[in-house]
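Structure at a glance
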Amino acid sequence: GSADSFGNQVDHKIIGIDPGAGEMKLTDQVVKDYELSNWTVQSGSEATMTASLEKAIKKKQPIVVTGWTPHWMFQKYDLKYLKDPKGIYGKSEEIHTIIHKGFDKKDPNAVKVLDQFSWAPDDMSKVMLDIQKGTDADKAARKWVKENQKKVDEWTKGAKKVSGKKIKLGYVAWASEIASTNVVTAVLEDLGYTVTMEQLGAGQMWAGVAKGSDDAIVAAWLPTTHADYMKQFKSQVTDLGPNLKGTKLGLVVPSYVSIDSINDLKD
Ligand code: PBE
């Protein structure tokens, strides 16, 4: 390839996130299917990825990262998705609520709320942006709940107040999941639940809800991103369906970069 190809400019490196993330597996698939054999996908975390992005943007340098929507980075920076003509990152991805199999019998009241929990990317973005600006996750969630009581009333419709009943939610420290899990926690706490939020890696989160060390997760990206986890744990969990529709994931670059498609990563 030419010396100033995009690949050479970024050392043929895609800046990734935590190794257990579904998006990392999909990105390995992208490298294979688009024949990017001289590229590496660098693992790290959401925090290291967004730090690299910020650094590059400040210097107006080229960079390519694994990104997703909803995410505050699209509000903070001018970014674009690289086209994915092979459709490796899936089409209409949703976030689902998953419970440990049998939890609906153990606590139908909590499961009613979990099942009725549903919001829009704009709602989630508000909470995420608030947290990104420095508000405590718990405070940002409570503020959103206060300002969106009508929506919350729909989630809690038909649910009874309890007194200190315990529930454990697993989640991964991705901005989107910090937002959703804190909001659901606030709503359950307002009903009288004692909620434990357990922060885990993606694989541990799925294993946790499968074996019942966690009662539920609101962080399952389906049908594509967490397809492998869902397949692995299918018999031990119940899928309550989507709590958020209209997500997207893929390779993301600053808008000032001239390439437009994953195909352009080839030298
Ligand atoms: N994400 C955010 C996750 C799901 C939520 C896209 C980083 C993943 O890749 O598993």
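Conventions adopted
- Residues numbered from 1 in each chain as written.
- Predicted model: local features only at pLDDT ≥ 70, side-chain atom pairs only at ≥ 80, totals over all residues.
- Helix = DSSP H or I, 4+ residues; strand = E, 2+ residues; numbered from the N terminus.
- Rg over C-alpha atoms; globule rule 2.2 N^0.38 Å.
- Buried ≥ 20, exposed ≤ 12 C-beta atoms within 10 Å, placed from the backbone.
- Contact = placed C-beta atoms within 7 Å.
- Axes fitted to C-alpha atoms, helices over the stretch in contact; angles between N-to-C directions.
- Parallel < 35°, antiparallel > 145°, perpendicular 65-115°, else oblique.
- Nonpolar A, V, L, I, M, F, W, Y, C, P; charged D, E, K, R; others polar.
- Near = placed C-beta within 6 Å.
- Domains from an automatic or database assignment.
- Core = buried A, V, L, I, M, F, W, Y, C linked by C-beta atoms within 7 Å.
- pLDDT = per-residue confidence, 0-100.
- Expected span 1.5 Å × (residues − 1).
- Pairing = 2+ DSSP bridges.
- UniProt positions renumbered as here; feature names shortened; annotations may be inferred.

1. Thoughts on the overall build of the protein chain
- Of the regular secondary structure elements, the protein chain holds 12 helices and nine strands.
- Here the C-alpha atoms of the protein chain give a radius of gyration of 19 Å, agreeing with the 18 Å that 2.2 N^0.38 yields for 267 residues.
- Seen along its three principal axes, the alpha-carbon backbone of the protein chain occupies a region of about 65 × 40 × 25 Å.
- Scored against the burial criterion, the 267 residues of the protein chain give a buried share of 43%.
- Taking the intrachain contacts of the protein chain between residues at least 6 apart in sequence as the baseline, contacts between residues at least 24 apart amount to 83%.

2. So, the packing of helix α7 (residues 121-132) against helix α10 (residues 175-190)
- Across the interface, α7 lies against α10 with an axial gap of 9 Å and an inter-helix angle of 105°. In terms of their interaxial angle, α7 and α10 are classed as roughly perpendicular. Mapping the contact onto sequence places M124, V127, M128, I131 and Q132 in α7 and A175, S176, I178, A179, S180 and V183 in α10.
- Residue composition of the contact of α7 with α10, by class: eight nonpolar, three polar and no charged.

3. Some details on the site of the ligand
- Taken together, the residues surrounding the ligand are I17, A21, G22, E23, W68, W174, S176, A202, W221, T225, H226 and L249.
- In the shell around the ligand, the residues fall into seven nonpolar, four polar and one charged.
- Formed jointly, the shell around the ligand draws a minimum of three residues from each of two domains, domain 1 (6-91 + 249-265) and domain 2 (93-246).

4. Thoughts on the nonpolar core
- Judged by nonpolar contacts, the single largest core of 81 residues is most densely connected at V127, V183, V187, M205, A216 and I217.
- With eight residues, the single largest contributor to this core is α10.
- Looking at which domains feed residues into this core, each of domain 1 (6-91 + 249-265) and domain 2 (93-246) supplies at least three.
- The residues contacting V187, other than those within four sequence positions of it, are V113, V145, V152, W155 and T156.

5. Quick notes on the confidence of the model for the protein chain
- The predicted model of the protein chain has a mean per-residue pLDDT of 97, with 100% of residues at 70 or higher.
- Across the interface, the model reports ipTM at 0.97; the global pTM reads 0.95.

6. Re helix α3 (residues 46-58)
- Look at α3: 18 Å from first C-alpha to last across 13 residues, which is about the 18 Å you get at 1.5 Å a residue.
- Each element contacted by the buried residues of α3 is listed here: β1 (13-15), β3 (65-69), α4 (73-76), α10 and β9 (237-254).
- A positive phi of about 55° marks K60, the residue just after α3.

7. Section: the pairing of β9
- By the bridge criterion, five bridges tie β3 to β9 in an arrangement that is antiparallel. Bridge pairing in β9 places T69 opposite K248.
- Relative to β9, strand β4 (residues 79-81) is paired through three bridges, and the arrangement is antiparallel. Bridge pairing in β9 places Y81 opposite V252.
- Pairing analysis gives seven bridges linking strand β5 (residues 93-100) to β9, with the strands arranged antiparallel. Along β9, the bridge assignment pairs H100 with V237.

8. What about the UniProt feature "domain: ABC-type glycine betaine transport system substrate-binding" (unreviewed entry) in the protein chain?
- Summarizing the sequence annotation, UniProt attributes the feature "domain: ABC-type glycine betaine transport system substrate-binding" (unreviewed entry) to residues 5-147 and 165-267 in the numbering used throughout.
- Spanning residues 5-147, this segment combines 48% helix with 15% strand, and its end C-alpha atoms are found 49 Å apart.
- The span residues 165-267 is 32% helix and 36% strand, and its two end C-alpha atoms sit 58 Å from each other.

9. Some thoughts on the domain arrangement of the protein chain
- As far as domains go, the protein chain holds domain 1 (6-91 + 249-265) and domain 2 (93-246).
- Just the C-alpha atoms count here: the centres of domain 1 and domain 2 sit 27 Å apart.
- Taken together, the contacts link 16 residues of domain 1 with 19 residues of domain 2.
- The element that contributes the greatest number of residues to the side of domain 1 that touches domain 2 is helix α2 (residues 22-33), accounting for four residues.
- By residue class, the composition of the side of domain 1 that touches domain 2 is six nonpolar, six polar and four charged.

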